[in-house]
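Here is how the chains run, residue by residue.
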Amino acid sequence: MRRTAKKLGLSTDASQRFERGTDPNITAKALELAAELISEICADAKVGKIVDAYPEKIKRKEIKLRVSKVSKILGVKIETDNLVELLKSIDIEIEQVGNAILKCKVPTYRPDLIQEIDLIEEAARLFGYDNIPNAITSSVTFSEHKTNRNLLNEIRIYLSSNGFNEILTNSFVTDEKAKLFSAIPIIVKNPISTDLSSLRSSLIPSMLEIIKFNLNRGNLNLQLFEIGKIYFSGSENLSGKYFQSYIEQNVLLIALTGFASEKNWFSNQRNFDIYDAKGIASNILKKILFDNIELISYDENENGEILISMNGILVGKIFKISDEIVKLYDIKEEVFVFELQLENFEESNQSDKKFKEISRFPKTSRDIAIVVDSSLHQKEIFEKIKSSGGKYLQNVKLFDLFEGESLGKDKKSFAYRLEFQSSEKTLQDKEIENAIAKILNELKKNFNASLRAQ
């Protein structure tokens, strides 16, 4: 009724009444009132019986009312007999099924009474709001303090403060772009257009579109990032938030292309490389306070891929986008990216970070340079130094890598700075020398390493 009145632009007295709901069984009363008026005006008028052709009679709506629910909602106990009397006073028929449940038949002139809560509201009105006592219940719960973090906002502030620009792109891409990073992309049944026919399985295609747009307009040095959702079919074995047979992941993507530094009187021009991306990744992981992160390098990969592991679970990677993919976007520059799954970090608590008192005693450092086989990975040597250095070894840092004919065939040299410190005393030279001797002995025994000649 209301829709028709609005469509025709006619707001009549009848439309206002009927669109708010009228009693379908009021016809007989209206006829009786009309007959009474006719009799008053015309005393000789004869009034017969009402004939009602009403094959599909509208009956009273039945609503079940739980007595316990009334007390729970109102906060005061109303006896069953009292509740029945209150409801009967507004022409509601009551069939008492039991003390727990009442079957209520609502008069047809009350279209506003639809469900149980409507009857409870009527009971409260009839019982009297002033008769419902004010009862305030409060409790104090002492629990573990938790620091609420807005991790995504922390990352945005950090990157923006370090010269990065955030981009926001559409979650929909073409089928071809979705298939670049997922064998089973999610196809939209009723897409807006063919360019928006699939849900993205990676942020990289959208990022490359933005890079192409900027490069074509002369913006050559780009540091961009995006935080967004990617989507996979549930048949792929991935972690994330599930919705039926689909997986949704929150991902951070950082992209670098162009010059890391321009040519100046004090420095030469230098392009971005994978180590710039690695540095950004390390700083972000430190920013969100995670110590159990491991960077795994794969030198044999032509794109220099570095995997990021947390507690043995792969959570991200750093790599150069392949030449085949950048060519699809007509990009001639190298593009380095850092991709991080944020699902494993969003529930983190900053208070999990533990701090220790700074030692009052001096720190002592020693440098060692060792020669090993060129096939040996630096990580193995680093871990062995850490494990065999003793309790006073606080830090190990690689500061030099050298390869040359002077070392011999298939040999390379690593130079490390070892820092020793005690929280209880000043270390003696002999204690440090014994620790270094033990380290060199373990390196020789496990890797056939030798000290490099000066």
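Predicted model, so just to flag it, every value in this text is computed and none were measured.

Asker: Talk me through the side chain of Glu-442; I want residue IDs and the actual numbers.
Answerer: Within the secondary structure layout, Glu-442 lies in helix α13 (residues 429-447). Look at Glu-442 and you get buried, because its relative accessible area is 17%. With near-sequence residues (within four places) excluded, Glu-442 lies in contact with Lys-384 and Ser-388.

Asker: Any details on the pairing of strand β17 (residues 364-373)? Residues and values, ideally.
Answerer: The pairing of β17 with strand β19 (residues 411-420) spans 10 bridges and is classified as antiparallel. Of the residues in β19, the one forming a bridge with Val-372 is Lys-412. Judged from the 2 bridges that link them, β17 and strand β20 (residues 450-451) form a sheet pairing that is antiparallel. Across the sheet, Val-371 pairs through a bridge with Ser-450, a residue of β20.

Asker: An account of the pairing of strand β15 (residues 313-320) is requested, with residue identities and associated values reported.
Answerer: Across 5 bridges, strand β14 (residues 306-310) lies against β15 in antiparallel orientation. Within the sheet, the bridge partner assigned to Leu-307 lies in β15 and is Lys-317. Connecting the antiparallel pair β14 and β15 is a turn made up of 2 residues, with Asn-311 showing a positive phi of about 55 degrees. Here β15 runs beside strand β16 (residues 336-341); their pairing, made up of 5 bridges, is antiparallel. In the strand pairing of β16, Phe-319 is matched with Val-337.

Asker: Which residues make up α13, and what values do they have?
Answerer: Its 19 residues place the ends of α13 27 Å apart at the C-alpha level, agreeing with the 27 Å of an ideal helix rising 1.5 Å per residue. Taken together, the buried positions of α13 are Ile-432, Ala-435, Ile-436, Ile-439, Glu-442, Leu-443 and Phe-447. Along the axis of α13, the buried residues cluster in a sector spanning 120 degrees; they form a single face. Within α13, the exposed residues directed more than 90 degrees away from the buried face are Lys-430, Glu-433, Lys-444 and Lys-445. Just past α13, the residue Asn-448 takes up positive phi, approximately 55 degrees.

Asker: So what's going on with the sheet that holds strand β6 (residues 186-187)? Residues and values would help.
Answerer: Each strand in a sheet pairs with another by means of backbone hydrogen bonds, the pair being arranged parallel or else antiparallel. Taken together, the 3 strands give an open sheet; going across it, the order is β5-β7-β6, and neighbouring strands pair in antiparallel fashion. Each having just a single partner strand, β5 (172-173) and β6 make up the two edges of the open sheet.

Asker: Go over the packing of aromatic side chains with me, naming the residues and quoting the values.
Answerer: Inspection of every chain in the model, using the stated rule, returns 1 aromatic pair. Between Phe-414 and Tyr-416, the aromatic rings sit 6.3 Å apart at their centres with planes inclined by 45 degrees, giving tilted as the arrangement. Owing to a relative accessible area of 0%, Tyr-416 belongs among the buried residues under this scheme. Positioned above the aromatic ring of Phe-213 is the side chain of Arg-217, whose terminal nitrogen or guanidinium carbon lies 3.6 Å from the ring centre. It is Lys-317 that lies over the ring of Phe-319; its NZ or CZ is 5.2 Å from the centre.

Conventions adopted
- Residues numbered from 1 in each chain as written.
- Predicted model: local features only at pLDDT ≥ 70, side-chain atom pairs only at ≥ 80, totals over all residues.
- Heavy atoms only, no water.
- Helix = DSSP H or I, 4+ residues; strand = E, 2+ residues; numbered from the N terminus.
- Buried < 20%, exposed > 50% of the residue type's maximum accessible area, 1.4 Å probe, protein only.
- Contact = heavy atoms within 4.5 Å.
- Pairing = 2+ DSSP bridges.
- Expected span 1.5 Å × (residues − 1).
- Arc of directions from axis to C-beta.
- Phe/Tyr/Trp six-rings, centres within 6.5 Å; stacked < 30°, edge-to-face > 60°.
- Lys NZ or Arg CZ within 6 Å of the ring centre and 35° of its normal.

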